[in-house]
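Architecture and fold: a report
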Amino acid sequence: MAGGSGTRLWPLSRRRSPKQLLALTGETSLLQQTVARLGALLKPHDIYVITSQAHVRATQDQLPQLPPDNVLGEPLARSTAVAAGLAIVLARRESDEVALVLPSDHFIADDDHFVEALREASRGAERGYLVTLGVAPTHPATGYGYIKVGEPLHAGSRVALVDRFTEKPDAATAGRFLEEGGYLWNAGIFVWRAYAFRQALERFQPALASALERIEGLHRTPGWMSTVREILEPVPAISIDAGIAEQAAREGRVAVVELEAGW
């Protein structure tokens, strides 16, 4: 996911150069680093980037190893659940394939441990769970969702059920979570089978699921993206965290893998 309006790190980040396109933590951009660390898992033709239509060309220029058509232009910003759903529709992959959903603006110090966490998460996703990566909290931050970790899926597994998912609590609640223990920050990285995510959308966000079904049936003729925009305009901005994960966790459908990779 490589959207962004270029406002959070202004004036370094601008509308034409949002933070994921900037080299903030090395010689390459955050986006390039995100794609590079997937090299041990995926071939370039299996990596898709969804960004705003205004940033398609710049994204293609930064990622010449990807097929140009794998850079998907989102016609309007509607948060992460909409972006992930639209990417799955536009990519036209098989419904039982495992999808890794990654923000493009994260720093990871240890790529090897990160890739191993994704492998573990994929094993949970193959069993039908919506899997997220969690990070041990170091202070009562209010800018992250909190994951209450439940029992492992089986003995010795790093994949555990999520008892509860709380999106961005207030300071007092975050402090209580830290004191209680057993909580992880939600890193905003998700792994699932494509059909499991579509089923979750149908259950918890039916308007978005219906919009994506209409988009899937469109003929890709010149100018067809304007129709995609018309279909998505009535759909509210929906995050994966609040729109899907909180509800799915109550039904025992979300799992977590702890990420220890210098996130």
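As the structure is a computational prediction, the values presented were derived from the model and not from experiment.

This part takes up the pairing of strand E6 (residues 159-166). One ladder, built from five bridges, connects strand E5 (residues 146-152) with E6; its direction is antiparallel. When the sheet's bridge partners are listed, Val149 is paired in E6 with Val162. Counted between consecutive antiparallel strands, the loop separating E5 from E6 contains six residues, among which Gly156 sits at a positive phi close to 85 degrees. Relative to strand E8 (residues 254-258), E6 runs antiparallel, the two being bridged by three bridges.

Our focus in this paragraph is empty space enclosed by the protein. Under the definition given, this model contains two cavities of 30 Å³ or more. Approximately 60 Å³ is the volume attributed to the largest cavity. As for the largest cavity, its lining consists of Thr34, Arg37, Leu38, Leu102, Pro103, His106, Ile108, Phe114 and Ile189. Of the volumes computed, that of the second largest cavity is approximately 30 Å³. Looking at the second largest cavity, the residues that line it are Leu130, Phe190, Trp192, Ile240, Ile244, Ala245 and Val254. Among the residues making up the lining of the second largest cavity, the classes are represented as seven nonpolar, no polar and no charged.

The next point concerns unusual backbone geometry. Residue Ser79 is not a glycine yet carries a positive backbone phi of 75 degrees. Residue Arg92 is not a glycine yet carries a positive backbone phi of 55 degrees. With respect to the secondary-structure elements, Arg92 resides in the loop between helix H3 (79-91) and strand E3 (98-101). Taking the relative accessible area as the measure of exposure, Arg92 reaches 56% and is therefore exposed.

Attention shifts here to the layout of surface pockets. Estimated volume of the second largest pocket: approximately 730 Å³. Lining the second largest pocket are 29 residues; nearest its centre among them are Leu42, Asp46, Tyr48, Ala99 and Leu100. Of all elements in the fold, only helix H1 (30-36), strand E1 (49-52), H3, E3 and helix H4 (111-126) reach the threshold of two or more residues within the lining of the second largest pocket. When grouped by side-chain class, the residues that make up the lining of the second largest pocket number 21 nonpolar, three polar and five charged.

This paragraph deals with the side chain of Gln205. By the element assignment, Gln205 lies in the loop between helix H6 (194-204) and helix H7 (206-216). A relative accessible area of 16% means that Gln205 is categorised as buried. Of note is the side chain of Gln205, whose polar atom sits 3.0 Å from the backbone oxygen of Gly243. Not counting residues within four places of it along the chain, the set of residues in contact with Gln205 comprises Ala200, Ile238, Gly243, Ile244 and Gln247.

Reading the values: the criteria
- Residues numbered from 1 in each chain as written.
- Predicted model: local features only at pLDDT ≥ 70, side-chain atom pairs only at ≥ 80, totals over all residues.
- Heavy atoms only, no water.
- Pairing = 2+ DSSP bridges.
- Helix = DSSP H or I, 4+ residues; strand = E, 2+ residues; numbered from the N terminus.
- 1 Å grid on protein atoms, 1.4 Å probe; cavity = no way out; pocket = protein on both sides within 12 Å on 5 of 7 lines; lining within 4 Å.
- Points joined across faces, edges and corners; volume = space filled by probe spheres on them.
- Nonpolar A, V, L, I, M, F, W, Y, C, P; charged D, E, K, R; others polar.
- Buried < 20%, exposed > 50% of the residue type's maximum accessible area, 1.4 Å probe, protein only.
- Polar contact = N/O pair within 3.5 Å; in protein donor to acceptor, adjacent residues only side chain to side chain.
- Contact = heavy atoms within 4.5 Å.

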